[in-house]
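Fold and contact review
Spelled out, the chains give:
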Amino acid sequence: MDARISVSTKEVSQGLDVANEEELASQSKLLKEFASLSTIDRAWVFESDNGGSSRAMFSIGRPNLLGNKKRTHVLSSHIAKESNGSVSFQWAPFPVEMSGVSTIVPSPSGQKMLVIRNQENDSPTQFEIWGPSQVEKEIHIPKSVHGSVYTDGWFEGISWSSDETLIAYVAEDPFPSKPVFYGLGYKKTGSTEKGCNSWKGQGDFEEDWGETYSGKRRPGLFVVNIISGDVHIVDGISKSLSVGQVVWAPKNDDLDQYLVFVGWPSDCGSEKIVRKLGIKYCYNRPCALYAVKASVHKPETDKLETKGDRTEDMTAAINLTQDISSAFFPRFSPDGKFLVFLSAKSAVDTGAHSATDSLHRIDWPSDGKPRISLKLVGAVPVVKCAEENCFPGLYCSSFLRNPWLSDGQTMIMSSYWRSSQVIISVNVLSGRISRVTPNSSASWNILALDGDNILSVSSSPVELPEIKYGYSIERKEWNWLDISSPVSKCSMKVRSMLSSLQFSIMKIPVRDASVDLTDGAKTPYEAIFVSSKTRKSGACDPLIVILHGGPHSLLLTNFSKNHAFLSTLGYSLLIVNYRGSLGFGEEALQSLPGKVGSQDVNDVLAALDHVIEMGLADPSKVAVVGGSHGGFLTTHLIGQAPDRFVVAAARNPVCNLALMVGTSDIPDWCYVETYGGSEGKNYFTEAPSLDHLHVLYNKSPISHLSKVKTPTLFLLGAQDLRVPVSNGLQYARALKENGVEVKVIVFPNDIHGIDRPQSDFESFLNIGVWFNKHFQ
């Protein structure tokens, strides 16, 4: 394990005391039970030669604590469909581990599979083309051609051509040349030789896209011919664009083939912004769909070649979505007649890092040649204020590679629906939306389509993820089958502990609703309440208030290993989706910017009062925990309501906006959430004025620090670019200065999420021990 920095006012010199060691040992055994559970990350389904069956392939993830990385393996299954409507899965006897694999992408037919291995240092990137029984082609691509392939799910774009001979993908630009110096300090112009008498300098600084992309170069677009092994750069793309999410356009009668991709400008589309801002979790970065000729050359040799030069006078990429500020997740209809995409225009226009999405359509030219004048048609608009139990708007974090039913116009996708995730169908021609999953409180996520049937996974805070198979009769009513799988197996101990828990979704009325509020901002928000099914002698279990980050994010009614661990320690959980969260309509979301530290704090306190008034919680036994903006709320709450919380824990918390604005990869976030929407966007500058710093400070938890007396645990990632470690350390040191009990753990190699297996494990183990210590 990596070394840890641990500081406590009571344990500075002595280290862990015996009681703490025993508690850590005891709880670690329980946490290990949950940490070892597998997750279903994605799936693919392919038609079999036998029309009555199909083949499925599941990518399964599991943390490897000793190796401190995620272990991925593939498990296959044969899906047999009987005439009576029953479905059975015949699972392979053993999974296959994908050791050293960065990503896998099966071809559309399922007859081939691309395996990519991103190598470190100066080693080449490896492309392997697998057939049914062996590796059919292996292509090594040196660093001089491009760096690592992007596989993170945002810039990631790996697309097979329809004839399965070409693959378009996104990878880092080649390493730029570095200046070389002699030992006496003279520049050795144009030299690349290495030796003890010279060294390479650093060269010009290149901006990256911030958190999770530190040190990664611009994403560029490439095409590989898997028959010849030729690789070429796609020409005509401006170097000011970062490229992602590429798909092949339908073939036309000419030899030209086109690619459609998403492009993000380096200046974030603003004359005021002179650099790349952080993009991870930030849908408010302007982007557009572009079409470009693939410039596919007929192979002449079997040698690896790079064809194309960005400096050549080629036909430039065509901006297909100039009339809208955001366009991503492009998907062509099966017949190639139209292109659909998602838009985060609301986020771009208001500055909120995530907001309600809209869905749009472009009718693709019959000659297959894209042009600028293509008309955009709205398919699903932004929902401002949803009526009770009605569709609240689109909130999609991904699309399937093939999301279409056989009618060629209905898409199946997952979307947030208040505090749950559901699966919906969207007719992109009529705009008709239907919820296809049951009206339960659980959360559902789509994995793949099997023809017109749906393969999904369902879970809840008290139920492990289970595979579900959905089918409909004339698409009027969906029926769901429970599919037994090896993935969902767990120990009897875990199953027994979860069976003793229950959960519900509570609607929390808005307190003191002002007449100035929009209708959406006045409607109740929600909290997820998890508790034991039985009470001990009528007493309430201690309560943990759990707060999500963002603030424009949410916590769903799906299964969380860490939350389940805290529940089984004997705590009730109150998971608050305060106003500003996703899934509740745009008016509720936009009510928060400009009111952080007040409206969100009051929403959390109102939710806490709600469960206390219902007799479900003891006001003298309440803890609070949150990360990022949830840490902002945690530290605000212990300052603004110092008598209400026995103990607290904060993961990479925002404690001082005046400090964060000059150190974060998203300084614009500080302005948007402090001043609100367009006003904050207009005020944003890399050089805040004294007045701005004063406002930012007053909106921050540190302005209430003198009132804090709650013992607080801080969990900080030293490599965090989003909320740099200095933010939490400053606040923690100031609390210590005031005599408050503080414990700090810094993870030297972790970023904002603190989600590497060992770090995640140690974080929640310490949260459990810290809370137990202060409730004894």
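Given the structure is predicted, the values throughout are model-derived calculations rather than measurements.

1. Let's talk about the overall build of the protein chain
If you tally the helices and strands in the protein chain, you get 14 helices and 40 strands. Against the compact-globule benchmark of 28 Å for 776 residues, the protein chain has a radius of gyration of 27 Å, which places it among compact chains. By principal-axis analysis of the C-alpha atoms, the protein chain measures approximately 85 × 80 × 55 Å. Buried positions account for 57% of the 776 residues belonging to the protein chain. A sequence separation of at least 24 residues applies to 65% of the contacts in the protein chain between residues at least 6 apart.

2. Quick look at the sheet that holds strand β24 (residues 358-363)
Pairing in this open sheet of four strands is antiparallel, and the strands run β22-β23-β24-β25 from one edge to the other. This sheet does not close on itself; its edge strands, each paired only once, are β22 (328-332) and β25 (376-380). Sheet twist, expressed as the average angle between the axes of neighbouring strands with direction ignored, equals 25°. Pairing between β24 and β25: four bridges, direction antiparallel. Looking across to β25, one finds that Arg361 is bridged to Val377.

3. Concerning helix α8 (residues 629-640)
In this model, α8 (12 residues) spans 16 Å end to end at C-alpha, consistent with the 16 Å of a helix rising 1.5 Å per residue. Of all the 12 residues making up α8, 11 are buried; the element is thus mostly covered by neighbouring parts of the structure. All of the buried residues in α8 are His629, Gly630, Gly631, Phe632, Leu633, Thr634, Thr635, His636, Leu637, Ile638 and Gly639.

4. Focus: the UniProt feature "domain: Peptidase S9 prolyl oligopeptidase catalytic" (unreviewed entry) in the protein chain
The positions UniProt marks with the feature "domain: Peptidase S9 prolyl oligopeptidase catalytic" (unreviewed entry) are residues 558-776. The span residues 558-776 shows a helical share of 46% and a strand share of 13%, and its end C-alpha atoms are spaced 30 Å apart.

5. Some details on the side chain of Asp609
Tracing the backbone shows Asp609 in helix α7 (residues 599-613). Among the residues examined, Asp609 registers a relative accessible area of 17% and is labelled buried. Reaching out from Asp609, the side chain makes a polar contact with the side chain of Arg511 at a distance of 2.6 Å. Excluding anything up to four places from it in sequence, Asp609 contacts Arg511 and Arg644.

6. A closer look at the pairing of strand β40 (residues 742-747)
By the criterion of burial, β40 is predominantly enclosed, with six of the six residues buried. Neither face of β40 is left uncovered, since the one carrying Val742, Val744 and Val746 and the one carrying Lys743, Ile745 and Phe747 both have all their residues buried. With six bridges joining them, strand β39 (residues 712-717) and β40 adopt parallel strand pairing. Residue pairing in the sheet places Thr712 in a bridge with Val742 of β40. Once you follow β39 into helix α13 (residues 725-737) and on to β40, the crossover reads as right-handed.

7. Concerning unusual backbone geometry
It is generally the case that most residues other than glycine have a negative phi and that most peptide bonds are trans. With omega at 5°, the peptide bond leading from Gly550 into Pro551 counts as cis. Relative to the helices and strands, Pro551 is located in the loop between β35 (543-547) and α5 (561-568). Unusually for a residue other than glycine, Tyr281 sits at a positive phi of about 65°. A positive phi angle, near 40°, is found at Asn652, a position not held by glycine. Here Asn652 shows up in the loop between β38 (647-651) and α9 (657-660).

8. Details of the environment of Ser443
Residue placement: Ser443 occurs in strand β29 (residues 443-450). On the basis of relative accessible area, Ser443 is assigned to the buried category, the value being 3%. When the C-alpha atoms of Ser443 and Pro461 are compared, they prove to be 9.2 Å apart, with 18 residues separating the residues in sequence. The residues contacting Ser443, other than those within four sequence positions of it, are Ser419, Ser420, Gln421, Val457, Ser458, Ser459, Leu556, Thr557 and Asn558. Here the side chain of Ser443 touches Gln421 through a polar contact of 3.0 Å, landing on its backbone nitrogen.

9. Description of α13
With 13 residues, α13 extends 18 Å between its outermost C-alpha atoms, agreeing within 8% with the 18 Å of an ideal straight helix rising 1.5 Å per residue. Turning to α13, its buried residues are Val725, Asn727, Gly728, Leu729, Tyr731, Ala732, Ala734 and Leu735. Looking at the packing, one finds that the buried side of α13 touches α8, α9, β39 and β40. Positioned one or two residues after α13, Gly739 has a phi angle of 85°, which is positive.

10. Re the packing of aromatic side chains
Here the structure, examined in full by the defined rule, presents 29 aromatic pairs. Centroid distance Tyr571 to Phe771: 6.4 Å. Interplanar angle 70°. Geometry classified as edge-to-face. Here Tyr571, found in the loop between α5 and β36 (572-577), pairs with Phe771, found in helix α14 (residues 757-775); they are 200 residues apart in sequence, far enough to count as distant. On the numbers, 4.7 Å between centres and 80° between planes, the contact of Tyr675 with Tyr683 is edge-to-face. For Tyr683, a relative accessible area of 35% translates into the label partly exposed. Members of the aromatic cluster, connected to one another through ring pairs, are Tyr150, Trp154, Phe155, Trp209, Tyr213, Trp264, Tyr283, Phe328, Phe329 and Phe399. Taking the ring centre of Tyr281 as reference, the NZ or CZ of Lys280 above it sits at 5.5 Å.

Conventions adopted
Residues numbered from 1 in each chain as written. Predicted model: local features only at pLDDT ≥ 70, side-chain atom pairs only at ≥ 80, totals over all residues. Heavy atoms only, no water. Helix = DSSP H or I, 4+ residues; strand = E, 2+ residues; numbered from the N terminus. Rg over C-alpha atoms; globule rule 2.2 N^0.38 Å. Buried < 20%, exposed > 50% of the residue type's maximum accessible area, 1.4 Å probe, protein only. Contact = heavy atoms within 4.5 Å. Pairing = 2+ DSSP bridges. Axes fitted to C-alpha atoms, helices over the stretch in contact; angles between N-to-C directions. Expected span 1.5 Å × (residues − 1). UniProt positions renumbered as here; feature names shortened; annotations may be inferred. Polar contact = N/O pair within 3.5 Å; in protein donor to acceptor, adjacent residues only side chain to side chain. Right-handed = clockwise from strand over helix to strand, strands pointing away. Phe/Tyr/Trp six-rings, centres within 6.5 Å; stacked < 30°, edge-to-face > 60°. Lys NZ or Arg CZ within 6 Å of the ring centre and 35° of its normal.

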